[in-house]
Amino acid sequence: MEPGNQTRVSEFILLGFSEKAELQPLLFRLFLSMYLVTVFGNLLIILAITSDSHLYIPMCFFLANLPSTDICFPFTTVPKMLLNFQTWNDVFTYVDCIIPVYSFLPFGELDNFFLTVMAYDQFVAIYHPLCYGWHPAAVSGRRQQHGPANVPGGGRHPASAR
């Protein structure tokens, strides 16, 4: 057996945003405020979409599920970072590093899946509106009039109305 370095790495030292002690509370408040704005903003989007009964089209279903994955993105990494800001602990174990990576990747894939399905849903809504499952005439509850009668002024140019 050849002689060599047989040590195993079980911890990582995270060289963070700042080595200066006076900036740690400022960074903690900054990242905590961004984290809370992200979480509460996405919860507000979910609440707004699910509270309106008129928003039960496929796009709104995906718009309600997309913020839930966007809440999970920072939830995998930011709490540990905030804890490190408060405890001044820059040491990560191997498990502390692997768990966020393996929880971050599925949320990224789910986010990409929702964006892909929403793009396809938008394609179907634009290029095949009659196959989409809803039509503006059905939503408004009355028959749509097509042509000049639908335009304010009866389709006449405002200058010709005099």
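Description of the structure in this document.

A few points about helix 3 (residues 94-127)
Residues lying three or four places apart along an α-helix face the same way, a consequence of the helix completing one turn every 3.6 residues. For helix 3, which comprises 34 residues, the first-to-last C-alpha distance of 50 Å matches the rise-based estimate of 50 Å (1.5 Å per residue) to within 8%. Buried within helix 3 are the following residues: Pro-100, Gly-108, Asp-111, Phe-114, Met-118, Asp-121 and Val-124. If you follow the buried residues of helix 3, they end up packed against helix 2 (58-87).

Notes on the nonpolar core
Considering soluble globular proteins, one finds that nonpolar side chains tend to be buried as a cluster. Residues Leu-27, Phe-28, Phe-31, Tyr-35, Val-39, Val-78, Met-81, Leu-82 and Phe-85 constitute the largest nonpolar core, which totals nine residues. Secondary-structure elements contributing two or more residues to this core are helix 1 (24-51) and helix 2. By residue number, the principal contributor to this core is helix 1, which donates five residues.

Considering the packing of aromatic side chains
Remark: the centre distance and the inter-plane angle together describe each pair of aromatic rings, the angle taken between the planes. Enumeration according to the criterion identifies six aromatic pairs in this entry. Considering the side-chain rings of Phe-123 and Tyr-127, the 5.2 Å spacing of their centres and the 45° angle between planes classify their relative orientation as tilted. With Phe-123 and Tyr-127 both in helix 3, this residue pair falls four residues apart, about one helical turn. Residue Tyr-127 is classed as exposed on the basis of its relative accessible area of 57%.

Details of the pattern of salt bridges
By the definition in use, this model includes one salt bridge. Among the salt bridges present, the one from Lys-80 reaches Asp-96, with a minimum N-O distance of 3.7 Å. Note that Lys-80 is positioned in helix 2 and Asp-96 in helix 3, a separation of 16 residues in sequence. The class for Lys-80 is partly exposed, based on a relative accessible area of 24%.

A word on the environment of Phe-12
With respect to the secondary-structure elements, Phe-12 resides in strand 1 (residues 11-13). A residue is classified by how much of its surface remains accessible, and Phe-12, at 34% relative accessible area, is partly exposed. Taking C-alpha positions, Phe-12 is 5.6 Å from Val-91, a pair spaced 79 residues apart along the chain. In this structure Phe-12 touches Asp-90, Val-91, Phe-92, Thr-93, Tyr-94 and Cys-97, once residues within four positions along its chain are discounted.

Parameters at a glance
Positions within a chain are numbered from 1, following the residues in the order the chain's sequence is written. Given that the model is predicted, a residue must reach a pLDDT of at least 70 before its local features are reported, and side-chain atom pairs must reach 80 or more before they are shown or counted; all residues, however, enter totals for whole chains, interfaces and linings. Side-chain measures were taken over the full set of non-hydrogen atoms in the model, leaving aside hydrogen atoms and water. Counting from the N terminus, the helices are DSSP H or I runs at least four residues long and the strands are E runs at least two residues long. What a helix is expected to span follows from its residue count: subtract one and scale by 1.5 Å. Three labels apply to residues, based on accessible area from a 1.4 Å probe with only protein chains included: buried if under 20% of the type maximum, exposed if over 50%, partly exposed otherwise in between. The contact criterion used is simple: two residues touch if any of their non-hydrogen atoms lie within 4.5 Å. In this text, buried Ala, Val, Leu, Ile, Met, Phe, Trp, Tyr and Cys residues form a nonpolar core when linked through side-chain atoms within 4.5 Å. In this analysis, rings of Phe, Tyr and Trp, with Trp reduced to its six-membered ring, are considered paired at centre separations within 6.5 Å, and the interplanar angle assigns stacked below 30 degrees, edge-to-face beyond 60, and tilted for intermediate values. A pair is scored as a salt bridge if a Lys or Arg side-chain nitrogen falls within 4 Å of a carboxyl oxygen belonging to Asp or Glu.

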